[in-house]
Amino acid sequence: MCTACGFTSTTYDPCVDISLDLELSQGSSAKTTSKKSHNTHKKAAEPGKSSQNSRLSTLMGCLDHFTRPEKLGSDQKFFCQHCQVRQESLKQMSIRKLPLVSCFHIKRFEHSVIKKMSRKVDHYLQFPFSLDMSPYLSSSILRSRFGNRIFSFDGDEQDTPCESSSEFELFAVITHTGKLDAGHYVTYLRLSNQWYKCDDAWITQVSENIVRAAQGYMMFYVQKMLYYKVSEQQQVS
């Protein structure tokens, strides 16, 4: 968005997953956390508190960081079609359309050309079992910026309410132990409200607390209505 006249240029970028930076914040949760999500993962706060002096990373905080406006510097001016000159601008990411399964990848491997070093970030990330994605949608961000006005997007597809839901349930977590050059992956999988640890050829039943304490590297969320629909079918069969 041009900071001089407000002209906005929109680009659509299809993706398979969303890569998120670990964002440290003071306190227990991000500002846009819903009451439901906040209550869902209160128990998971302790691992982060004990290791980082009350500095806590949350998945919602990472999403807030991902979708916050970013002021581009004077060396990144873009050509404004309205002003007809290069202007300073604001860049903001948002989610146009939610998939049935949302995959989040946490950037735990840092590479710095300036410092000539690479490292793994072992900081604990608090993630909810229930996640409301509505604050990060393009429609919500535009509504908060301009009010309850109706906006049209280029190439808009009219989505019926039954095709998309912003409420998601966690069903899989991938963890990584080890360093940059060597490590091991373990998957925690949810099936019929029971969690299982998949460690190579060994599959064991685990509690929710074990999953909450896991060092999440990738998290998979499925739309809640689809999750419960599948659960009902499994119970019937």
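Just so it is clear, the model here is predicted, and its values are computed rather than measured.

Calculation rules
- Residues numbered from 1 in each chain as written.
- Predicted model: local features only at pLDDT ≥ 70, side-chain atom pairs only at ≥ 80, totals over all residues.
- Heavy atoms only, no water.
- Phe/Tyr/Trp six-rings, centres within 6.5 Å; stacked < 30°, edge-to-face > 60°.
- Helix = DSSP H or I, 4+ residues; strand = E, 2+ residues; numbered from the N terminus.
- Lys NZ or Arg CZ within 6 Å of the ring centre and 35° of its normal.
- Core = buried A, V, L, I, M, F, W, Y, C linked by side-chain atoms within 4.5 Å.
- Buried < 20%, exposed > 50% of the residue type's maximum accessible area, 1.4 Å probe, protein only.
- Contact = heavy atoms within 4.5 Å.
- Pairing = 2+ DSSP bridges.
- Polar contact = N/O pair within 3.5 Å; in protein donor to acceptor, adjacent residues only side chain to side chain.

Draft legend 1. Spotlight on the packing of aromatic side chains. Across all of its chains, the model carries five aromatic pairs by this definition. When the ring of Tyr 185 is compared with that of Tyr 217, the centres are 6.1 Å apart and the planes differ by 45°; the resulting orientation is tilted. A residue pair is termed long-range when its members are at least 10 positions apart, and Tyr 185 in strand β14 (residues 183-191) and Tyr 217 in strand β17 (residues 216-223) qualify at 32 residues. Members of the aromatic cluster, connected to one another through ring pairs, are Phe 109, Tyr 185 and Tyr 217. Seen from the ring of Phe 129, Arg 212 lies directly overhead, with NZ or CZ sitting 4.1 Å from the centre.

Draft legend 2. The arrangement of the nonpolar core in detail. Membership of the largest hydrophobic core comes to 30 residues, with the highest contact counts inside it found for Leu 59, Phe 104, Phe 127, Met 133, Met 219 and Tyr 221. Sort the elements by how many residues they give to this core and helix α3 (residues 59-67) lands first, with four residues. Discounting residues that sit within four places of it in the chain, Met 133 has contacts with Leu 63, Ile 95, Leu 98, Phe 104, Ser 166 and Phe 168.

Draft legend 3. Layout of the pairing of strand β13 (residues 167-178). Relative to β13, strand β12 (residues 130-132) runs antiparallel, the two sharing three bridges. Looking at the pairing, Ser 130 lines up with Glu 169 of β13. Bridge count for β13 against β17 is seven bridges, and the pairing is antiparallel. Bridge pairing in β17 links Val 173 to Met 219. Between β13 and the antiparallel strand that follows it, β14, lie four residues.

Draft legend 4. Spotlight on the side chain of His 123. Inspection of the secondary structure assignment puts His 123 in the loop between β10 (117-120) and β11 (125-126). At 3.3 Å, the side chain of His 123 and the side chain of Ser 57 are in polar contact.

Draft legend 5. Representation of unusual backbone geometry. Backbone geometry places Gln 84, a non-glycine residue, at a positive phi of 65°. Residue position: Gln 84 is located in the loop between β5 (78-79) and β6 (86-87). Positive phi outside glycine occurs at Asp 200, with the angle close to 55°. As for its position among the elements, Asp 200 is in the loop between β15 (194-199) and β16 (202-206). Owing to a relative accessible area of 59%, Asp 200 belongs among the exposed residues under this scheme.

Draft legend 6. Representation of the side chain of Ser 102 within the structure. Within the secondary structure layout, Ser 102 lies in strand β8 (residues 101-106). Take Ser 102: its relative accessible area is 6%, and that puts it in the buried class. Not counting residues up to four positions away in its chain, the partners in contact with Ser 102 are Phe 168, Met 219, Phe 220 and Tyr 221.

Draft legend 7. A look at the environment of Glu 169. With respect to the helices, strands and loops of the structure, Glu 169 is situated in strand β13. With a relative accessible area of 4%, Glu 169 lands in the buried category. When the C-alpha positions of Glu 169 and Gln 223 are compared, they lie 6.2 Å apart, and in sequence the two are 54 residues distant. At a separation of 2.8 Å, a polar atom in the side chain of Glu 169 contacts the side chain of Ser 130. Within the local environment of Glu 169, its side chain forms a polar contact with the side chain of Lys 224, the two groups lying 3.4 Å apart.

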